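Examination of the molecular architecture
Each chain, written out:
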Amino acid sequence: NELHAKFVTEELVPYVSRLLPLRDEPQSRALMGASFGAVASLSTAYRSPGFYGRLCLQSGSFAFTDIGSSNHRGPLFDPIVQMIN
């Protein structure tokens, strides 16, 4: 979700940076998540090019190729299935 990515990058990271002595460089910022959290982390990094330097995506729920044709999962999953395959 675009609003989630915007919140994490433009509000949460600056807020935490004001509270803690964080390094302000992409290679010092990481996103991580499991299952749909991995999808959210990848989406956030994709929507903020150059801001995050590392990703840890565990068992990401990127595509469900076992649920049938694209007619069942919708056309939004097609590029993800192509990227994963």
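All of the points below concern the structure found in this document.

Parameters at a glance
Residues numbered from 1 in each chain as written. Predicted model: local features only at pLDDT ≥ 70, side-chain atom pairs only at ≥ 80, totals over all residues. Heavy atoms only, no water. Helix = DSSP H or I, 4+ residues; strand = E, 2+ residues; numbered from the N terminus. Buried < 20%, exposed > 50% of the residue type's maximum accessible area, 1.4 Å probe, protein only. Contact = heavy atoms within 4.5 Å. Areas by Shrake-Rupley, 256 points an atom, 1.4 Å probe, with all protein chains shown as cover. Phe/Tyr/Trp six-rings, centres within 6.5 Å; stacked < 30°, edge-to-face > 60°. Lys NZ or Arg CZ within 6 Å of the ring centre and 35° of its normal. Salt bridge = Lys/Arg side-chain N within 4 Å of Asp/Glu carboxyl O. Right-handed = clockwise from strand over helix to strand, strands pointing away. Expected span 1.5 Å × (residues − 1).

The next subject is the overall build of the protein chain. The number of helices and strands found in the protein chain is four helices and two strands. Evaluated residue by residue, the protein chain yields a buried proportion of 22% over its 85 residues. In the protein chain, once contacts between residues fewer than 6 apart in sequence are set aside, the share between residues at least 24 apart is 49%. Carbon and sulfur atoms provide 58% of the accessible area of the protein chain, an area that totals close to 6400 Å².

What follows concerns the packing of aromatic side chains. Aromatic ring pairs are reported here in terms of the distance separating the ring centres and the angle at which the planes meet. The full count for this structure, using the stated rule, is one aromatic pair. Seen in terms of ring centroids, Phe51 and Tyr52 are 4.9 Å apart; in terms of plane orientation they differ by 80°. Their pairing is edge-to-face. On the basis of relative accessibility, which here comes to 12%, the residue Tyr52 falls in the buried class. Taking NZ or CZ as reference, Arg29 lies 3.9 Å from the ring centre of Phe51, over its face.

Applying the stated criterion to the full structure yields two salt bridges. Here Arg23 ties to Glu25 by a salt bridge, and the two come within 3.5 Å at their closest N and O atoms. Residues Arg29 and Asp24 are paired through a salt bridge, measuring 2.6 Å at the closest nitrogen-oxygen approach. Take Arg29: its relative accessible area is 11%, and that puts it in the buried class.

The alternating pattern of strand β1 (residues 30-34) places Leu31 and Gly33 on a buried face and Ala30, Met32 and Ala34 on a face that is not buried. For the crossover from β1 across helix α2 (residues 36-47) to strand β2 (residues 54-58), the handedness is right-handed.

Bringing helix α1 (residues 2-19) into the picture now. If you check α1, its first and last C-alpha atoms are 25 Å apart, about what 18 residues at 1.5 Å a residue would give, namely 26 Å. Structurally, α1 contributes buried residues whose contacts are with β1 and α2.

A few words now on the side chain of Thr9. As for its position among the elements, Thr9 is in helix α1. On the basis of relative accessible area, Thr9 is assigned to the buried category, the value being 11%. Beyond its immediate chain neighbours, meaning those up to four positions away, Thr9 contacts Pro14, Thr44, Ser48, Phe51 and Tyr52.

This is a description of form; function is not addressed.
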